[in-house]
Amino acid sequence: MTRGVEVRVENVSKVFRDRGVTQALRGVSLTVRKGELFSILGPSGCGKTTLLRILAGLLKPDEGRVFFDGVDVTDVSAYERPIGMVFQDLALFPHLTVYRNVAFSLELAGWPSDRIERRVREVLQLVRLPYEEFAHRKISQLSGGQQQRVAIARALAREPKLLLLDEPLSHLDYKIRMELIHELKRLQRETGVTTIYVTHDRNEAMLLSDRLAVMKDGVVQQVGTPEEVYRSPANAFVASFLGEVNIIPAKAVNGLIKLGDLEISLERLLPGLGNYTGDVLLLLRPESISLTPPGGDGALRFRIQLAEKVFLGPYTKLLFSGWGDIRLEALAPTREAAPLEPGSVVDVYVEASEMRVYTD
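Here the structure is a predicted model, which means the values were calculated and not measured. (Residues numbered from 1 in each chain as written. Predicted model: local features only at pLDDT ≥ 70, side-chain atom pairs only at ≥ 80, totals over all residues. Heavy atoms only, no water.)

### Overview of the layout of surface pockets
For the record, the criterion: Buried and open spaces are told apart on a 1 Å grid over the protein atoms alone, a cavity being a set of points where a 1.4 Å probe fits but cannot get out and a pocket being an open set with protein on both sides within 12 Å along at least five of seven lines. Residues with an atom within 4 Å of a point are the lining residues. Grid points are joined across faces, edges and corners, and a volume is the space filled by probe spheres set on the points. Counting from the N terminus, the helices are DSSP H or I runs at least four residues long and the strands are E runs at least two residues long. As a working rule, the residues Ala, Val, Leu, Ile, Met, Phe, Trp, Tyr, Cys and Pro are called nonpolar, Asp, Glu, Lys and Arg charged, and the rest polar, with Gly in that last group.
Of the pockets and cavities examined, the largest pocket occupies roughly 580 Å³. In terms of lining, the largest pocket is formed by 20 residues, of which the most central are Ile83, Gly84, Met85, Ser105 and Arg158. Counting residues per element, the ones that place at least two in the lining of the largest pocket are strand S6 (83-86), helix H2 (98-108) and helix H5 (144-156). Residues belonging to the lining of the largest pocket are distributed by class as follows: 14 nonpolar, 2 polar and 4 charged.

This is the structure we're talking about:
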């Protein structure tokens, strides 16, 4: 049974006017399920931290409401909300010990000392910092990864129903970041606390999330599982933000696109566009392009010139040129790509189901 809370945001907007007028959020609505690990993903300035601070009660929306388990908390102070928060800069007290950092909010809440000690032991054990070894160390004596664990322990100390994390791993190197991502996932599963994680790093969001929201310019572009959003992006921005993608502009005439000697039926890609005439975008992931024909008759064949090869260990990036200024990038197993030479004309294959088409 989860200890988390359902979070619902309804039509939330926020404008900052201290340096001109900046529309940080524009009618944002979304629901985070009880006990879910949910990421908010987007570039700098997209509004994700503003949304997190509104959920925390540190900012008040200009429009819209926030609900926890169906209860309107829009006007409830941060201190009265059942939340724990980990900031990007961690906000630890460097002059205090690990014990005092973790115990700080419990002391403010008036917990008795024996209960505080028990809880500090519990959360340090939870983040795998043994009490006897770490409780009396100063923050300055810890590594970056250990400081991160202390910040998480402090956020969990008051047994929150909602844990908010604002790009907490951005200052750590790759190896430690990956280690802590797996630790965060473990912690979330063990505690059952609803967790909302803000990041600009697609790999973090994809590895961590049960579901995620992609934001741009204060608007939620798409919500779904990592696989749903990666495989069926709502638009070209979502596709490119979630990973490498070929974006091919083309013109459709009566539902047909011509690329070199290849004709593509839009009806085959997206039913209902059989008679469409106008500009379209075709989106295709590099790993969806194959050097060998797949079984069956559902594949499209492109004949295109190889311009460049980039060795990446077990995989090789292949850069093709053709159709005017259009470039096509593929990712192929190195053993298959090895015989190919730049300048050669190559047949490549794509399952129609792997190609996305957008008309606006």
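### With respect to empty space enclosed by the protein
If you walk through the whole model with that rule in mind, you get 2 cavities of 30 Å³ or more. Put simply, the largest cavity is a space of about 60 Å³. Along its surface, the largest cavity is lined by Leu37, Ile152, Leu156, Leu163, Leu165, Leu184, Leu187, Gln188, Thr195, Tyr197 and Leu208. Contributing elements (two or more residues each) for the lining of the largest cavity: H5, strand S7 (162-166), helix H6 (174-191) and strand S8 (194-199).

### Brief notes about the nonpolar core
The line we're drawing: Nonpolar cores were defined as sets of buried Ala, Val, Leu, Ile, Met, Phe, Trp, Tyr and Cys residues, with membership established by side-chain atoms within 4.5 Å. Note on exposure labels: buried denotes an accessible area under 20% of the residue type's maximum, exposed denotes more than 50%, and partly exposed covers the range between, all computed with a 1.4 Å probe on protein chains only. Only heavy atoms matter for contacts: two residues are in contact if any of them lie within 4.5 Å across the pair.
Formed by 41 residues in total, the largest nonpolar core has its most connected members in Val102, Val120, Leu124 and Val150. Among the elements of the structure, H2, helix H3 (113-126), helix H4 (131-134), H5, S7 and H6 are those that each provide at least two residues to this core. Beyond its immediate sequence surroundings of up to four residues, Val120 is in contact with Tyr99, Val102, Ala103 and Tyr131. Residues Ile257, Leu291, Leu300 and Ala337 belong to the second largest nonpolar core, which totals 33 residues.

### Considering the pairing of strand S16 (residues 299-312)
In the case of a regular strand, side chains alternate between the two sheet surfaces. Formally: Pairs of strands are assigned from DSSP output, requiring at least two bridges between the strands.
Pairing of S16 with strand S19 (residues 345-351) involves 7 bridges; the strand directions are antiparallel. By the bridge assignment for S19, Arg301 is matched with Tyr349. Relative to strand S17 (residues 315-321), S16 is paired through 7 bridges, and the arrangement is antiparallel. When the sheet's bridge partners are listed, Val310 is paired in S17 with Lys317. Between S16 and S17, which pair antiparallel in sequence order, lie 2 residues; one of them, Gly313, sits at a positive phi of approximately 85 degrees.

### Topic: H6
Test applied: In this scheme, a helix's expected span is set at 1.5 Å multiplied by one less than its residue total.
In this model, H6 (18 residues) spans 26 Å end to end at C-alpha, consistent with the 26 Å of a helix rising 1.5 Å per residue. Listed as buried for H6 are Arg177, Met178, Leu180, Ile181, Glu183, Leu184, Arg186, Leu187, Gln188 and Thr191. The inward-facing, buried residues of H6 contact strand S3 (37-41), H3, H5, S7, S8 and helix H7 (202-208).

### Considerations on the pairing of S17
For S17 and strand S18 (residues 327-333), the ladder comprises 7 bridges, and the chain directions are antiparallel. Bridge assignment links Phe320 to a residue of S18, and that residue is Leu328.

### Some words on the packing of H2 against H5
Rules: Axes, fitted as lines to C-alpha atoms, cover a helix only where it is in contact. Angles between the N-to-C directions of the axes lie from 0 to 180 degrees. We call two directions roughly parallel when the angle between them is under 35 degrees, roughly antiparallel when it is over 145, roughly perpendicular when it lies between 65 and 115, and oblique otherwise. By definition, turning the near helix anticlockwise from the far helix through less than a right angle yields a left-handed crossing, and turning it clockwise yields a right-handed one.
Look at H2 against H5: their axes get within 7 Å of each other, and the N-to-C directions meet at 30 degrees. With respect to their mutual orientation, H2 and H5 come out roughly parallel. Note on packing geometry: the crossing formed by H2 with H5 is right-handed. Counted together, Val98, Asn101, Val102 and Ser105 of H2 and Val150, Ala153 and Arg154 of H5 form the full contact between these two elements. Across the contact of H2 with H5, the residue classes tally to 4 nonpolar, 2 polar and 1 charged.

### Quick look at the side chain of Glu183
Residue position: Glu183 is located in helix H6. Every residue in contact with Glu183, bar those within four places of it in the chain, is listed here: Arg128 and Arg149.

### Some remarks on the environment of Gln222
Along the chain, Gln222 falls in strand S10 (residues 219-224). With relative accessibility at 13%, the residue Gln222 sits in the buried group. Distance in space between the C-alpha atoms of Gln222 and Ala234 is 6.2 Å, their sequence separation being 12 residues.

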